[in-house]
Every structure is written in C-alpha cells, then in structure tokens.
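Each chain, written out:
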Amino acid sequence: MFGGVISLAMFAALPVQASAGLRDLASTKNLRFGCAVEVRPLMLEAEYQSAVASECGALTPANALKFDAVHPESNIYDFSGGDSILNFARQHGQELRGHTLVWHQALPRWVSRSVKTRDQAVAVLRDHIMNVAGHYRGEVYAWDVVNEAVNDEGTGLRSSLWRNTIGPEYIALAFQWAHEADSNAKLCYNDYGAEGMNQKSDAIYALVKDLKDKNIPIHCVGLQMHLSQEEALDYPAIAQNMQRLAALGVEVHVTELDVRIQKPFTDQKRHLQAEIYSRVLSLCLQQPSCTTFNLWGITDKYSWVSRTFKKWGEALILDRNFVPKPAYYSLQTGLQ
Ligand code: G3I
C-alpha cells in the first residue's frame, strides 16, 4: 500500500482463499479429521496430493509402517516410506499417526523363521518397537500400538505369534516399550467389529480396563469402523460403547472409517452411504472423548475394499476421479 492506495495489482497477487477442506471444518469443532495414505500416489500423483493436502489434517500410513515394510530383515529397518509420508505431512501442516507396531498380519518371513522361544520373541518385539517408535519420537500424535488382538468371538485373545510365544502379557509389554520409546505419543489399542455393544467390544473394554488398572500407558482405543452400506448400525449402542470407554479415561478414535457398497453401485446406495458417514460423524461429535475421525483412504481409486471384496467397492468419499460423492457433502454439512 503506497499512500494508502492499494493497487488492483496487489489484489490480483493476493492468494485466493481456497475453499475450506474437511480438515479445516473439523478443526473448528476441535476434531482431528484424517485419512490413510499410500506412499506411491502421495509421491507421484498430483490429484492425490492435492486431495490429501486439502482434506486431511492427519495422515495414517496404510502400509508403510507395518512390520513387513519397515523391518524387512532382522538387521534392516526401512523408514523410507514412513519418512516420505512424514515429510509430506510436515509440508502441509498435517499430523502423523503410527500404524501399527504389533499385529498378527504383515509379518515378514524372517520373524516366524527366527522367533521360536519367549526370549527370542521378547527381544525381537522390543527391538522393533524401540526402533520404530524411537525413529518417529515426537513426530506422531498417536500410535496404534496393538492392532486386532482380540478374537472375533470376543472370547479372548486371538492366536498369534506374539500371543503364543510371549503370552497375553505381550500387550502390556508393547505399550510399555512404546511409551519408553516415545512418551509424547498417545498409545492406542485398535480393532474392528467392536464399535457397538457386543461380545468383542466387551472383551476390548475388559482388556483396556485391565491395562488401566495396572497403570499400563494406554491413552486411546481405535474403532476402525469398516462398515457396509446395507448393514444396519445400532447407533445408540456405538454411543454407549464410546461412553463406557471414555469412562475408563481413554480417548476414542475413529481410525479406519469406510462404508463399502455392494454391486451394482447406484445413486440410491451412494446416498444411503452418505447417511451412514453423516451419522457416524454425529456420534463422534456428540462424544467429547471422540477426538479423531479418520477415513481409511480418501478416494475410491486407492481402497483396499475392491481389492479384498469382489462384490463391493466405492467405500470412500471421493470417486476414482477425485470427484466428491454424496458422502463428502454429508461430512461437509456435518462439520459446518
Ligand atoms: O506394495 C506391494 C506391491 O509391490 C506388490 O506387487 C503387491 C503384490 O501382492 O503387494 C503390495 O503390497 C500390498 C499392500 O496392501 C499395498 O497394496 C500387500 O500385498 C497387501 O497385503 C496390503 O494389504 C493391506 C492390508 O491392510 C494388509 O496389510 C491393505 O492395503 C490395507 O488397506 C489393509 O489395512 C488394514 C489395516 O492395516 C488394519 N485394519 C484393517 C485394514 C483393512 O484390512
């Protein structure tokens, strides 16, 4: 401005305020809105980068920080994928979620080949957690420390290499090691099929209560929320489950929300999908303990659903061409 005159040229130079993305709307509600991301398109695909940057306030590496990706050999750690996502997050003011330190899946062959005794299992798992959580110390807002440890029937812990070699205490040990490696990160237990009130969510509630009673550092429970459009959801039961977890003194994170649609894909199903996204968001907004609302991706172009379920797809909020779907607008409305 010269002598109080603002030349038109200056207006032209001013950055046009981009329309607020879902991340911005969510932050006005003190809600973290994030999405899972894949390394390759995040590094190489402009449309994907743009959608992730504008809509997601937090990033979860869908695969880059799993055991098989980050610790491919006993003496080799490969942080390249996780670091690429961390760098993108830093450039775009986004938070990073660690996923996942201990899981029965995504284990490289060397682990099952070399882990036979309890001592070997403790040594391998501790080394893994200390190195991976240590590498990202201070950089992640939360870790999914243990993923899917409770069996689907809710009758106990699923059989897994860690459970079978170390014993049930592997869970408490994992949380203690993760806290030792990064005392800043919120440490979560993450699972699926336990959103409402059922035997599995009862078992998870009991597990979390036991860890809290023993002063094990656990701060959050992740409800994955891999939903299907035609499955009737008991919303009051989900609210009740969120409330009872909050009463234990932990945060509730929606960690992997997607709502798959059964073929043939129709507009009517897409609108019913939007209704589900909207109602799950309302549940989270109504629970003070629900601080995080993450989708398992952003675009149907990169979704595990169509790779996994042949008759299902279109589970996310942008279509394969990054065009917002009714579900996108239902979240936008719910956040405004
Ligand atoms: O990247 C390789 C590629 O180089 C190779 O050619 C191809 C051939 O099989 O495999 C590719 O890796 C695949 C990876 O996804 C990336 O697409 C793995 O085989 C495949 O097993 C892996 O599946 C992932 C799955 O977890 C198992 O780790 C899905 O992408 C991922 O969306 C899914 O996510 C899980 C969460 O971590 C936990 N909650 C459930 C959720 C859905 O299963």
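The structure we're discussing is the one just above.
Residues numbered from 1 in each chain as written. Predicted model: local features only at pLDDT ≥ 70, side-chain atom pairs only at ≥ 80, totals over all residues. Heavy atoms only, no water.

Student: How would you sum up the overall build of the protein chain? Please name residues and give values.
Tutor: Broken down by element type, the protein chain carries 15 helices and ten strands. Here the C-alpha radius of gyration of the protein chain, 21 Å, is about what a compact globule of 336 residues would show, namely 20 Å. Its C-alpha atoms give the protein chain principal-axis dimensions of roughly 75 × 45 × 40 Å. A buried classification covers 53% of the 336 residues belonging to the protein chain. When the accessible area of the protein chain is evaluated, it comes to approximately 14800 Å², of which 52% is carbon and sulfur surface. A distance of 2 Å separates the average location of the 32 positive side-chain charges in the protein chain from that of its 36 negative side-chain charges. (Helix = DSSP H or I, 4+ residues; strand = E, 2+ residues; numbered from the N terminus. Rg over C-alpha atoms; globule rule 2.2 N^0.38 Å. Buried < 20%, exposed > 50% of the residue type's maximum accessible area, 1.4 Å probe, protein only. Areas by Shrake-Rupley, 256 points an atom, 1.4 Å probe, with all protein chains shown as cover. Lys, Arg positive; Asp, Glu negative; His and termini not counted. Charge placed at Lys NZ, Arg CZ, Asp CG, Glu CD.)

Student: If you had to explain the site of the ligand to someone new, which residues and values would you point to?
Tutor: Within the structure, the ligand sits among Asn63, Lys66, His99, Trp103, Asn147, Glu148, Gln224, His226, Glu256, Trp296, Trp304 and Arg307. Between the ligand and the protein, one listed contact pairs a nitrogen atom with a side-chain N or O atom of Glu148 at 3.0 Å. Within the complex, the protein chains bury 48% of what would otherwise be the 780 Å² of accessible surface of the ligand. (Near = heavy atom within 4 Å. Polar contact = N/O pair within 3.5 Å; in protein donor to acceptor, adjacent residues only side chain to side chain.)

Student: I'd like a rundown of the side chain of Arg244, residues and numbers included.
Tutor: Positionally, Arg244 belongs in helix α12 (residues 235–246). Aside from chain neighbours lying at most four places away, what touches Arg244 is Gly196, Met197, Asn198, Ser201, Asp202 and Tyr205. (Contact = heavy atoms within 4.5 Å.)

Student: Tell me about the packing of helix α11 (residues 199–213) against α12, and name the residues and values.
Tutor: Relative to each other, α11 and α12 sit at 10 degrees, their axes nearing to 10 Å. Relative to α12, the element α11 is oriented roughly parallel. Only Asn241, Arg244 and Leu245 of α12 make contact with α11, whose side of the interface consists of Ser201, Asp202 and Tyr205. Each residue belonging to the contact of α11 with α12 can be placed in one class, and the counts come to two nonpolar, two polar and two charged. (Axes fitted to C-alpha atoms, helices over the stretch in contact; angles between N-to-C directions. Parallel < 35°, antiparallel > 145°, perpendicular 65-115°, else oblique. Nonpolar A, V, L, I, M, F, W, Y, C, P; charged D, E, K, R; others polar.)

Student: Quick one: what's the story with the nonpolar core, residue by residue and with numbers?
Tutor: General note: in soluble globular proteins, nonpolar side chains tend to be found buried as a group. Ranked by size, the top nonpolar core spans 99 residues in total, and within it Trp143, Val146, Trp162, Phe175, Leu257, Phe293 and Ile317 carry the most contacts. Examining the composition of this core, we find that nine residues originate from one element, helix α10 (residues 170–181), more than from any other. The residues contacting Leu257, other than those within four sequence positions of it, are Gln224, Met225, Leu227, Tyr277, Val280, Phe293, Asn294, Leu295, Trp296 and Leu316. In this structure, Ala58, Tyr141, Cys188 and Cys220 belong to the second largest nonpolar core, which totals five residues. (Core = buried A, V, L, I, M, F, W, Y, C linked by side-chain atoms within 4.5 Å.)

Student: Outline the state of the cysteines, listing residues and values.
Tutor: For the structure on display, the rule yields three disulfides. Residue Cys188 pairs covalently with Cys220 via a disulfide, S to S 1.9 Å. Looking down the S-S bond of the Cys188 and Cys220 bridge, the torsion is -85 degrees, so its handedness is left-handed. Of this pair, Cys188 sits in strand β5 (residues 186–191) while Cys220 sits in strand β6 (residues 220–223), and the two are 32 residues apart along the sequence. Residue Cys188 shares its accessibility class with Cys220, and that shared class is buried. The partner cysteine of Cys284 in its disulfide is Cys290, sulfur to sulfur 2.0 Å. The disulfide joining Cys284 to Cys290 has a torsion of about -95 degrees about its S-S bond and is therefore left-handed. In this structure Cys284 comes out as buried when scored by relative accessible area, which is 1%. The exposure class assigned to Cys290 is buried, which follows from its relative accessible area of 5%. Numbered by position along the chain, the disulfide-linked cysteines of the protein chain connect as 1-2, 3-4, 5-6. (Disulfide = S-S within 2.5 Å.)

Student: Got a sec to walk through the environment of Arg118? Specific residues and values, please.
Tutor: Relative to the helices and strands, Arg118 is located in helix α8 (residues 118–135). Taking C-alpha positions, Arg118 is 35 Å from Met197, a pair spaced 79 residues apart along the chain. Among residues more than four places away in sequence, those in contact with Arg118 are Thr165, Ile166, Glu169 and Leu173.

Student: Requested: an account of the pattern of salt bridges, with residues and values cited.
Tutor: Should their charged atoms come close, side chains of opposite charge can pair. Scanning all chains against the criterion turns up 16 salt bridges. A salt bridge links Glu45 to Lys301, with the nearest nitrogen and oxygen atoms 2.9 Å apart. Here Glu45 is found in the loop between α3 (39–44) and α4 (46–55), whereas its partner Lys301 is found in the loop between β9 (290–295) and α14 (304–308), with 256 residues between them in sequence. Notably, a salt bridge pairs Asp144 with Arg97, separated by 2.9 Å at the nearest N-O pair. Placement of Asp144 in strand β4 (residues 140–147) and of Arg97 in strand β3 (residues 95–102) is noted, with a sequence separation of 47 residues between them. For the pair Asp144 and Arg97, one class covers both residues: buried. Through salt bridges with shared partners, one network takes in Asp152, Arg158, Asp191 and Lys200. (Salt bridge = Lys/Arg side-chain N within 4 Å of Asp/Glu carboxyl O.)

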